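# Breakdown of the fold
Residues per chain are reported as follows:
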Amino acid sequence: MNPIYFKKYGIIQRFVDESDAEFILQLRKDAKLSRFLSKTDPDFKNQIEWIKCYKEREKKKLEYYFITVNEDGERFGVVRLYNIKENFFTAGSWLFKQNAPIHYSILSDIMNREFGFSVIGSDYCHFDVRKSNKPVIKYHNRFNPELIDEDDLNYYFRLSKENFEINKLKQLKLFGY
């Protein structure tokens, strides 16, 4: 059984394990959900192997992959921290079931960044968003990130810990926290 890392804001984030492979594949194979993500190998055995390799990276504190669940253990989505460097981390792989309460995905993103800033101790969060993913760009802009680059497909952002902390409170108030 995975340890519970965060139990906050009415949701739980725990580390991914091999038992989550089918759930992750369901999310990533859903054409509507994954249209803004890089492609995933749909083979179940390959997903298990990817998770095994990820668990080794987790042990080395190089990457963290979380499943967001409710109090009953129902899985709703995933989020990941990777590319962890001296003063920044990258947040991504943010993907939730179509019927997940909207606040679960937002609170999960906030919890993920809290982990990066507080537990890892980074000063910055890097992330990229597909240019065509307008709702997610609008959401991220609520935190006042810095646009550091772009290409034909993506915008690349950097969010300071300071901007995150200031704007996190505004987002949490929307959900009664």
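Residues numbered from 1 in each chain as written. Predicted model: local features only at pLDDT ≥ 70, side-chain atom pairs only at ≥ 80, totals over all residues. Heavy atoms only, no water.

## Quick look at unusual backbone geometry
Unusually for a residue other than glycine, Lys61 sits at a positive phi of about 60°. In this fold, Lys61 is placed in the loop between helix H2 (44-59) and strand S3 (64-69). Although it is not a glycine, Asn83 adopts a positive phi angle of roughly 50°. In this fold, Asn83 is placed in the loop between strand S4 (75-82) and strand S5 (88-96). A relative accessible area of 34% places Asn83 in the partly exposed class. (Helix = DSSP H or I, 4+ residues; strand = E, 2+ residues; numbered from the N terminus. Buried < 20%, exposed > 50% of the residue type's maximum accessible area, 1.4 Å probe, protein only.)

## Regarding the nonpolar core
Of all hydrophobic cores here, the largest spans 45 residues; its most connected members are Val78 and Ile110. For this core, the leading source of residues is helix H3 (residues 102-120), giving seven residues. Setting aside residues no more than four positions away along its own chain, Val78 makes contact with Phe23, Ile24, Leu27, Tyr65, Phe66, Ile67, Ser93, Trp94, Leu95 and Phe96. (Core = buried A, V, L, I, M, F, W, Y, C linked by side-chain atoms within 4.5 Å. Contact = heavy atoms within 4.5 Å.)

## Observations regarding the environment of Tyr9
If you trace the backbone, Tyr9 turns up in the loop between strand S1 (4-8) and strand S2 (11-15). Look at Tyr9 and you get buried, because its relative accessible area is 11%. The spatial distance from the C-alpha of Tyr9 to the C-alpha of Asp43 is 34 Å, given a sequence separation of 34 residues. Beyond its immediate chain neighbours, meaning those up to four positions away, Tyr9 contacts Leu107, Ile110, Met111, Glu114, Lys168, Leu172 and Tyr177. At 2.6 Å, the side chain of Tyr9 and the side chain of Glu114 are in polar contact. (Polar contact = N/O pair within 3.5 Å; in protein donor to acceptor, adjacent residues only side chain to side chain.)

## Some words on the pairing of S2
In terms of burial, S2 is largely enclosed, as five of its five residues are buried. The alternating pattern of S2 places Ile11, Gln13 and Phe15 on one face and Ile12 and Arg14 on the opposite face, and all of these are buried. The sheet contact formed by S2 and S3 spans four bridges and is antiparallel. Its bridge partner lying in S3, Ile12 is registered against Val69. (Pairing = 2+ DSSP bridges.)

## Details of the packing of aromatic side chains
Within this structure, the stated rule accounts for 17 aromatic pairs. Residues Tyr9 and Tyr177 carry aromatic rings whose centres are separated by 5.3 Å and whose planes lie at 70° to one another, so their mutual orientation is edge-to-face. Taken together, the residues Tyr9 in the loop between S1 and S2 and Tyr177 in the segment after helix H5 (161-174) connect sequence positions 168 residues apart. Considering the side-chain rings of Tyr155 and Phe157, the 6.2 Å spacing of their centres and the 50° angle between planes classify their relative orientation as tilted. Under the relative-accessibility criterion, Tyr155 is labelled partly exposed at 22%. Over the ring of Phe127 we find Arg113; its NZ or CZ atom is 4.7 Å from the centre of that ring. (Phe/Tyr/Trp six-rings, centres within 6.5 Å; stacked < 30°, edge-to-face > 60°. Lys NZ or Arg CZ within 6 Å of the ring centre and 35° of its normal.)

## Some words on the side chain of His126
In this fold, His126 is placed in strand S6 (residues 124-130). Each residue touching His126, except ones within four places of it in the same chain, is listed here: Phe88, Phe89, Thr90, Ala91, Ile148, Phe157 and Arg158.

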